[in-house]
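A look at the structure
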Amino acid sequence: MTVNKLSEDTTHYWAWRVHVLGELILHVPYESEAGRLFVEELDTSTFDELGDPLPAVLTATDSKFYGALLAAVQPHHGTLVMRISTACRQGCGRQAMKVVDSENNFESARLADK
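Computed from a predicted model, the values in this text were never measured in an experiment.

**Description of the environment of E41**
Mapped onto the secondary structure, E41 falls in helix α2 (residues 33-44). Here E41 falls in the partly exposed class, since its relative accessible area comes to 23%. Between the C-alpha atoms of E41 and R94, which are 53 residues apart in sequence, the distance is 8.6 Å. Contact partners of E41, with chain neighbours within four places excluded, come to L50 and R94.

Following this line, the structure appears as structure tokens:
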């Protein structure tokens, strides 16, 4: 799984996030309910809920997602790398995405847009 580098310009965050979700959809069994929920829950679940155990096929995807996100935020976002590595369960890409969203005020912007 390959995710584009996260720009230092926060105005590009929404476009980057759309790319990330598109890449994620390519790697999950999106035709199944579990695959669709895996992606949907990024916007509907809490940080702690995203750490709940997953089926084996989704655990593998989540680990790859974690690695791809870490690569995408390096080397320009050192503080973010530290937050991900200390706050998230090791290999939990969905929790890592929540941290990246939080750092970029995604939830606040999404709520304001409604």
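**A short note on the packing of aromatic side chains**
Here the distance between the centres and the angle between the planes together describe a pair of aromatic rings. This structure, assessed with the given rule, holds three aromatic pairs. Relative to W16, the ring of Y13 has its centre 5.5 Å away and its plane inclined at 35 degrees; by these criteria the two rings are tilted. Of this pair, Y13 and W16 both sit in helix α1 (residues 13-27), three residues apart, which is roughly one turn of the helix. Grouping residues by exposure puts Y13 and W16 together as buried. Members of the aromatic cluster, each reached through a chain of ring pairs, are Y13, W14, W16 and F106.

What counts as what
Residues numbered from 1 in each chain as written. Predicted model: local features only at pLDDT ≥ 70, side-chain atom pairs only at ≥ 80, totals over all residues. Heavy atoms only, no water. Helix = DSSP H or I, 4+ residues; strand = E, 2+ residues; numbered from the N terminus. Buried < 20%, exposed > 50% of the residue type's maximum accessible area, 1.4 Å probe, protein only. Contact = heavy atoms within 4.5 Å. Phe/Tyr/Trp six-rings, centres within 6.5 Å; stacked < 30°, edge-to-face > 60°.

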